[in-house]
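Residue-level listing of the chains:
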Amino acid sequence: MDKTGTEKEDRAMITVENLIKDFPGDVRAVDDISFRVEKGEIFGFLGPNGAGKTTTIRAIVTLLKPTSGKILVDGFDVTKNPQAIRERVGYAAQFIGVDDDLTAHENLILQARLHNISTREAKKKANELLEIMDLQDVAKRRAGTFSGGMRRRLDLAQALVHEPHLLFLDEPTTGLDPQNRRALWGHLRKLNESGLTIFLTTQYMEEANTLCERLAIIDQGRIQIEGSPAELKATLGGEAITVTLPETAQQDVFERTRSILDGMSGAAETKSYNHSVAVFLEHGSSRLAEVVRALDSADVPVARLELAQPTLDDVFLRHTGERLRVEETKRPSMRRPHGRSKQR
Amino acid sequence: MIRSLREAGVLWRRNMLKLTRVPMLLFFSLFQPLLFLLLFSQVFSRLSEMPGFGYENYLQFLVPTIVGLTTLNSAFQSGMGMVNDIDDGLLDKFLIAPIRRSSILLGKVLADATRMALQALLILGFAYIMGARVETGILGVGLLILIAVLFGIAWAGISNVVALRTGNAELTMLIGILITFPVLFLSTGFMPQALLPDWLGTAAQFNPITYLIDALRALVNEGWNWTAIWQALAVTMGLASLTLTAATRAFRKVIS
């Protein structure tokens with residue numbers, strides 16, 4: 001084995017090659033995905049519900065058998081050596097797994113004991129984590145009485161109790177209010193600074209943007225594009241100019257707007273959605289006047305004109321043709337729907 | 001082996017903690033049997049005067065049936081617990097831990113067994129207050145509970161198959177009631193074999209519950225009837241090998 005090859009392997013925490021997962025009924029949840037996660041980084045999957053994020057995570061943490069493909073975690077193969085992987089990874093699922101009838105402290109002891117930690121060591125570790133997660137005051141309260149944010153933090157503590165090398169978080173802040181979300185981000189950053197590799201999925205572009213060093217945009221079971229948030233945004237080539245037409249505008253006006261924007265020098269492809277046409281324009285911020293003049297001389301009625309730095313949402317739009325519209329205020333149920341729905 | 005027991009012990013302890021936190025879990029399976037014990041022992045009390053009945057009074061005759069009914073109910077509680085653990089994401093937590101899959105099932109069986117034993121003991125306590133006595137004494141009570149619990153584990157296999165296949169706690173409970181009642185009334189649970197209509201007497205002979213109740217009834221009323229005891233244990237083992245295999249298969253399917 002040559003040295004560069006060894007070094008490359010050493011840096012990889014997760015290697016996924018050509019992962020495919022089919023569910024009964026001809027549903028292909030994950031469609032030939034390959035990626036690497038390096039040791040010590042925060043890597044994210046950004047994508048809407050049903051994109052295949054959860055299925056991929058569940059395959060990596062040994063909860064789902066891949067239909068085909070290869071997954072290595074810290075050098076161990078998921079199908080050949082699942083126990084070694086279970087010892088090394090922590091997993092906080094989208095649907096929180098805490099026992100409502102047990103106290104926060106008891107839940108942590110249970111998880112620690114399940115990871116072969118002695119009772120005495122488990123108690124010490126539980127107290128330590130309760131303090132880190134700001135739960136020390138409610139340690140003796142039943143988890144059933146906890147708020148959404150507290151349950152998330154308890155679940156995160158559970159995933160950390162055996163000091164994993166790698167932490168998986170499936171939509172860690174779904175259902176949290178902005179304040180709790182930011183607090184959780186703070187916890188995750190600190191954990192990462194202390195050396196923990198983190199793999200998270202999210203449908204919030206803000207979360208991907210602030211937390212992830214690298215991310216993959218995933219839709220319909222495929223990775224659309226992969227890179228750092230800055231790299232991904234740079235691929236759009238300039239600032240985003242969005243022209244919104246009045247609701248009464250006819251189709252021909254729409255087409256005319258599109259062709260005008262398309263025809264400008266340095267314009268990357270235009271996208272239209274609802275009553276808006278968006279274009280990425282090189283040096284867009286200094287060329288607003290040019291855009292207005294062109295639209296005006298073609299008699300295009302403009303309801304609104306926006307200039308923005310490209311966002312991950314724009315990247316998503318470019319690669320999927322859709323917006324990553326997620327109502328961030330909506331609170332999804334924290335419990336699983338009835339039965340064991342196969343999350344994908 | 002030791003490792004499996006240790007791992008199962010951790011999960012057993014969690015279930016016992018739940019039992020102390022939510023005493024309802026202990027009493028859940030007791031209401032209906034208690035109601036039957038109170039009502040039937042009064043309503044059918046004159047039955048003991050019938051020729052061919054062969055027991056001191058209907059209460060003495062009924063107590064083993066009620067112990068059996070309690071474990072059957074408790075067995076379906078097992079399936080509901082399984083669905084709840086799946087819905088609450090707890091099964092995933094157990095599966096992601098570096099423990100054996102078999103330890104998860106063993107922990108559940110041990111916890112179910114403990115709960116069933118406590119429930120059977122409570123029912124016997126009530127029966128004692130009502131005046132029922134166990135012929136074979138303390139040792140008999142021990143064996144009676146052991147047989148009932150073993151049968152309950154076998155029966156819990158059915159409830160877990162239903163639970164794992166439907167993934168619905170309410171449906172599991174409903175199917176439990178729908179199965180339990182016919183099989184209980186098609187046994188010698190409420191009437192001695194001699195007094196059952198011919199067709200029912202024949203049906204009862206093919207009903208595993210009959211063998212359970214006959215053994216329990218012997219321990220309560222006759223003494224150490226080893227034939228009845230061995231028959232009950234053999235029927236239980238046969239039933240368990242079927243139901244627990246099916247349950248394990250359903251479990252594997254859900255976690256794969």
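These lines cover the structure that appears in this document, whether it is placed above or below. None of these values were measured; they are calculated from a predicted model.

### Overview of the overall build of chain A
Along the backbone of chain A there are twelve helices and 14 strands. Along the three orthogonal principal directions, the C-alpha set of chain A runs to about 80 × 55 × 40 Å. Among the 344 residues that make up chain A, the fraction classed as buried is 42%. The contacts of chain A with a sequence gap of at least 6 include a subset with a gap of at least 24, amounting to 71%.

### With respect to the overall build of chain B
Each helix and strand in chain B was counted, giving eleven helices and zero strands. Across chain B, helices and strands are ordered from the amino to the carboxyl terminus as α-α-α-α-α-α-α-α-α-α-α. Relative to its length of 256 residues, chain B is compact, with a C-alpha radius of gyration of 19 Å against a globular reference of 18 Å. Seen through its C-alpha atoms, chain B measures out along the principal axes to roughly 60 × 35 × 30 Å. Burial analysis of chain B (256 residues in total) assigns 46% to the buried set. Contacts in chain B between residues far apart in sequence, at least 24 positions, make up 79% of those at least 6 positions apart.

### Re the sheet that holds strand β11 (residues 239-244) of chain A
Across a sheet, paired strands are connected by hydrogen bonds in the backbone, their directions being either parallel or antiparallel. Residues and elements named next belong to chain A. As summarised here, the arrangement of the four strands in space is β12-β13-β11-β14, forming an open sheet in which the pairing is antiparallel. The sheet terminates laterally at β12 (267-273) and β14 (304-308), the two strands that pair on one side only. Across this sheet, the average inter-strand angle for adjacent strands is 15°, counted without regard to direction.

### Digging into the interface of chain A and chain B
A common measure of how large an interface is: the accessible area buried when the components associate. Tallying the contact residues gives 26 residues for chain A and 23 residues for chain B. Broken down by secondary-structure element, the contributors of at least two residues to the side of chain A that touches chain B are α3 (82-88) and α4 (104-114) of chain A. Considering every element that reaches the side of chain A that touches chain B, the biggest residue donor is α4 of chain A, with five residues. Within the side of chain A that touches chain B, the residues separate by chemical class into nine nonpolar, seven polar and ten charged.

### Describing the pairing of strand β13 (residues 276-281) of chain A
All names here are of chain A. Buried residues dominate β13, accounting for five of its six residues. Relative to β13, β11 is paired through six bridges, and the arrangement is antiparallel. Looking across to β13, one finds that V243 is bridged to V277. Examined bridge by bridge, β12 and β13 share five bridges and lie antiparallel to one another. When the bridges of β13 are listed, S272 appears paired with V277. Here β12 folds back onto β13, and the loop between the two strands holds two residues, one of which, N274, carries a positive phi near 45°.

### Focus on the environment of N84 of chain B
All names here are of chain B. With respect to the element layout, N84 can be found in helix α4 (residues 58-87). Accessibility expressed as a C-beta count within 10 Å gives 15 for N84, which makes it partly exposed. Along the primary structure N84 and L25 are separated by 59 residues, whereas in three dimensions their C-alpha atoms are 13 Å apart.

Rules of the game
Residues numbered from 1 in each chain as written. Chains lettered and ligands numbered in written order. Predicted model: local features only at pLDDT ≥ 70, side-chain atom pairs only at ≥ 80, totals over all residues. Helix = DSSP H or I, 4+ residues; strand = E, 2+ residues; numbered from the N terminus. Buried ≥ 20, exposed ≤ 12 C-beta atoms within 10 Å, placed from the backbone. Contact = placed C-beta atoms within 7 Å. Rg over C-alpha atoms; globule rule 2.2 N^0.38 Å. Pairing = 2+ DSSP bridges. Axes fitted to C-alpha atoms, helices over the stretch in contact; angles between N-to-C directions. Nonpolar A, V, L, I, M, F, W, Y, C, P; charged D, E, K, R; others polar.

Function cannot be inferred from these measures alone, as they are strictly geometric.
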